[in-house]
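Each chain, letter by letter, is given below.
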Amino acid sequence: MPSDTLPNPPAKLNVLMFSGGSGTHSITQALAKHPQISLRILINAYDDGHSTGRLRRFIPSMLGPSDVRKNLSRLMPTAERGQRALKTLSDFRLPVGISTPDALAIIEAITSGKDHQLPAPLSSLLGQLNLTQSRQLVGFLNAFTVYFHDCAARNHHFDFTDCALGNIFFAGCYLENQQDFNRTIASFSVFHEVDPNILLNVTQGENLFLVAEKDDDSILRNEADIVAAQSTDAKISKLYLLGSSVYHPQVESATSIPSGGWPAFLAQHHIRPESNPTAIDAITQADVIIYGPGTQHSSLLPSYLTNGIGEAVAANQKADKIFV
């Protein structure tokens, strides 16, 4: 058959997936590897537990980095030794109970190139990075260290226990990017050799905190409590997003029920954030929209509280919509 009569190769299928962190692991890997699929992922980054929560309080304007790190770990290429080393290094967790001086000594050894002073796993991984990876990583850690010492001078400290190094790398990248969360995701994606248009935050990066109300009028004050095993049969009935100026002093640290009760207080202070325009474009262009598996009340449902997201999904009537 003459070459000019060959059929055109099939166009790629635009697949959009609402995702959290761990729940979409196998689906993401399968879709990302498929040659006829163009995948884009929407996250909300409200995660607030363990070291992620401590990091958010240490850098008060920042959303949670964990879901960014976990998704990029699945999306990044691993054909080369440096890529595999970066993936493992990003997921490496500092020991539980590590002291601040010991954690800073590890960071200082990395930034100064004194790999021989590091524990064997870290020393080996750092030695496998390419020059570009090493320089960028050192830049992230230097930015974090400057911020850390500035905070320490004001008696504001960070507990490094059980913290993934990738979360610290992200925090440094965030500081380098003038504390612009969405721009940081794009920059961190490029660092991991991932197309910066694949992983998108659903909002414009406003730092909000997730609170849930149960049908017995009790509340779950943070994302960590929402995902934890529940002590009663009462079901989660509503979700709220609160700004830090209300959340920290009046919810997180509250010792009594506010006048009028929690439901009225939360409804009064709930914020519906504006959507990321790039996320809206991704929804509009999608041929398939997947509502991924995961912890629904933290990883997924809060994304739909964003202005414009539900309307964009409803307006895209050509897309197949799949709830997993």
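Calculation rules
- Residue positions are given per chain, counting from 1 as you read along its sequence in written order.
- Given that this is a predicted model, residues contribute local features only at a pLDDT of at least 70 and side-chain atom pairs are listed and counted only at 80 or more, while totals for whole chains, interfaces and linings are drawn from all residues.
- By convention in this description, side-chain values take in all heavy atoms of the structure and omit both hydrogens and water.
- Helix and strand definitions follow DSSP, with helices as H or I runs of at least four residues and strands as E runs of at least two, each counted in order from the N terminus.
- Our radius of gyration looks at C-alpha atoms and nothing else; its globule reference is 2.2 Å times the residue count to the power 0.38.
- Three exposure classes are used, based on accessible area relative to the maximum for each residue type with a 1.4 Å probe and protein chains only: buried under 20%, partly exposed in between, and exposed over 50%.
- What makes two residues a contact is simply this: any of their non-hydrogen atoms within 4.5 Å.
- Per-residue confidence from the predictor is reported as pLDDT, a score between 0 and 100.
- DSSP-based pairing: two strands are paired if at least 2 bridges between them are found.
- Axis definition: a line fitted to C-alpha atoms, limited for helices to the stretch in contact. Angles are taken between N-to-C directions and run from 0 to 180 degrees.
- Put simply, buried Ala, Val, Leu, Ile, Met, Phe, Trp, Tyr and Cys residues joined by side-chain atoms within 4.5 Å make one nonpolar core.
- By convention in these notes, a salt bridge is any Lys or Arg side-chain nitrogen within 4 Å of a carboxyl oxygen on Asp or Glu.

### Quick word on the overall build of the chain
Check the secondary structure of the chain and you find 15 helices and eight strands. Taken over the C-alpha trace, the chain has a radius of gyration of 21 Å; the compact-globule value for 324 residues is 20 Å, and the two agree within 12%. Along the longest, intermediate and shortest principal axes, the C-alpha atoms of the chain span 80 × 55 × 35 Å. For the chain, the proportion of its 324 residues judged to be buried stands at 49%. In the chain, the share of contacts with a sequence separation of at least 24, taken over all contacts with a separation of at least 6, comes to 74%.

### What about the confidence of the model for the chain?
Per-residue pLDDT for the chain averages 92, and the proportion of residues at 70 or more is 97%. Element-level mean pLDDT values for the chain span from 86 in helix H10 (residues 223–227) up to 98 in helix H9 (residues 181–191).

### Notes on the sheet that holds strand S7 (residues 288–291)
Pairing is parallel across the open sheet formed by five strands, whose spatial order is S3-S2-S1-S7-S8. Of all strands in the sheet, those bounded by a partner on one side alone are strand S3 (199–201) and strand S8 (320–323). The average angle at which neighbouring strand axes cross in this sheet is 20°, direction not considered. Of the strand pairs in this sheet, strand S1 (residues 13–18) and strand S2 (residues 37–43) are connected by six bridges, and their pairing is parallel. Within the sheet, the bridge partner assigned to Leu13 lies in S2 and is Ile37. Here helix H1 (residues 25–33) sits on the sheet and contacts S1, S2 and S7; the angle it forms with S2, its principal contact strand, is near 145°. Across the sheet, helix H3 (residues 66–75) lies against S2 and S3, angled at about 165° from S2, the strand it touches most.

### As for the environment of Gly127
For Gly127, the location among the structural elements is in helix H6 (residues 120–128). For the pair Gly127 and Glu193, spaced 66 residues apart in sequence, the C-alpha to C-alpha distance is 19 Å. Setting aside residues no more than four positions away along its own chain, Gly127 makes contact with Arg81 and Asp115.

### Quick word on the nonpolar core
If you look at the biggest cluster of nonpolar residues, it comprises 70 residues, and the most contacted ones within it are Val68, Leu89, Phe144, Phe160, Phe181 and Phe188. With near-sequence residues (within four places) excluded, Leu89 lies in contact with Leu122, Leu125, Leu126, Leu129, Leu137, Leu165, Gly166 and Phe169. The next biggest cluster of nonpolar side chains, apart from the first, holds 17 residues, and it includes Phe18, Leu42, Val313 and Ala319.

### Thoughts on the pattern of salt bridges
Scanning the entire structure with this criterion turns up six salt bridges. In this structure, Asp48 engages Arg57 in a salt bridge whose closest nitrogen and oxygen atoms are separated by 2.7 Å. A relative accessible area of 7% means that Asp48 is categorised as buried. Owing to a relative accessible area of 25%, Arg57 belongs among the partly exposed residues under this scheme. Here the residues in one salt-bridge network are Asp48, Arg57 and Glu252, joined through shared partners.

### Topic: the environment of Ala105
The residue Ala105 is located in helix H5 (residues 100–111) in this model. For Ala105, a relative accessible area of 42% puts it in the partly exposed group. Between the C-alpha atom of Ala105 and that of Pro277, which follows or precedes it by 172 residues, the distance is 41 Å.

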